[in-house]
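If you want the building blocks of each chain, they are given just below.
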Amino acid sequence: MEMSINTPALLFPAITLLMLAYTNRFLALATLIRSLHTKYKQVQEDHEIIKAQIKNLNKRLMLTKHMQGAGISSFFLCVLSMLFFYLENHVMAYSIFGLSLLFLLLSLALSLNEIYISTRALEIELKDMMEE
């Protein structure tokens, strides 16, 4: 299979859009954590539900951090692969591009896991409302 400097460049828009989505998730998590923190300080009776939500948000925050790290690593390796194509070192370019794809897959797998955990957070909310 023949590749050129253009092949890794094709991933640029995908990776940058993915990073934008991850950043939006992070900002939403930060907002949720801040509001739960305020609620925890103000309300004394719902601490168990809030603690469960905070535990869930902590897992999601950790996953988001790793998702972003894997996405950034993929982007970095994509650029490095392009550099090796430019330097006409095709063996390194192919290898690093393959590694870039692996990091992108890792990032997507972590994202899927974070989505499953976020649905559990919504189930906590629904459980609270159904008990009333």
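Predicted, not measured: the structure shown is a model, and the values here were computed from it. (Residues numbered from 1 in each chain as written. Predicted model: local features only at pLDDT ≥ 70, side-chain atom pairs only at ≥ 80, totals over all residues. Heavy atoms only, no water.)

K.L.:
Break down the packing of helix H2 (residues 11-42) against helix H3 (residues 47-86) for me, citing the residues and quoting the values.
P.N.:
For the pair H2 and H3, interaxial distance at closest approach is 9 Å and the crossing angle is 160°. By the criterion of interaxial angle, the relationship of H2 to H3 is roughly antiparallel. Handedness of the H2/H3 crossing: left-handed. Residues of the contact of H2 with H3, tallied by class, amount to 21 nonpolar, eight polar and four charged. (Axes fitted to C-alpha atoms, helices over the stretch in contact; angles between N-to-C directions. Helix = DSSP H or I, 4+ residues; strand = E, 2+ residues; numbered from the N terminus. Parallel < 35°, antiparallel > 145°, perpendicular 65-115°, else oblique. Left-handed = near helix turned anticlockwise from the far one by under 90°. Nonpolar A, V, L, I, M, F, W, Y, C, P; charged D, E, K, R; others polar.)

K.L.:
With reference to specific residues and values, describe a nonpolar patch on the surface.
P.N.:
Taken together, the side chains of Ile5, Leu83, Tyr86 and Leu87 define a hydrophobic patch exposed on the protein surface, amounting to about 420 Å² of accessible area. Tracing the backbone shows Tyr86 in helix H3. (Patch = residues over 30% accessible without salt bridge, like charges linked within 9 Å, V, L, I, M, F, W, Y side chains within 5 Å. Areas by Shrake-Rupley, 256 points an atom, 1.4 Å probe, with all protein chains shown as cover. Salt bridge = Lys/Arg side-chain N within 4 Å of Asp/Glu carboxyl O.)

K.L.:
For the UniProt feature "transmembrane region" (unreviewed entry) in the protein, give the residues involved together with the corresponding values.
P.N.:
The positions that UniProt labels "transmembrane region" (unreviewed entry) are, in the present scheme, residues 12-33, 69-87 and 93-112. The span residues 69-87 shows a helical share of 95% and a strand share of 0%, and its end C-alpha atoms are spaced 27 Å apart. Spanning residues 93-112, this segment combines 100% helix with 0% strand, and its end C-alpha atoms are found 29 Å apart. (UniProt positions renumbered as here; feature names shortened; annotations may be inferred.)

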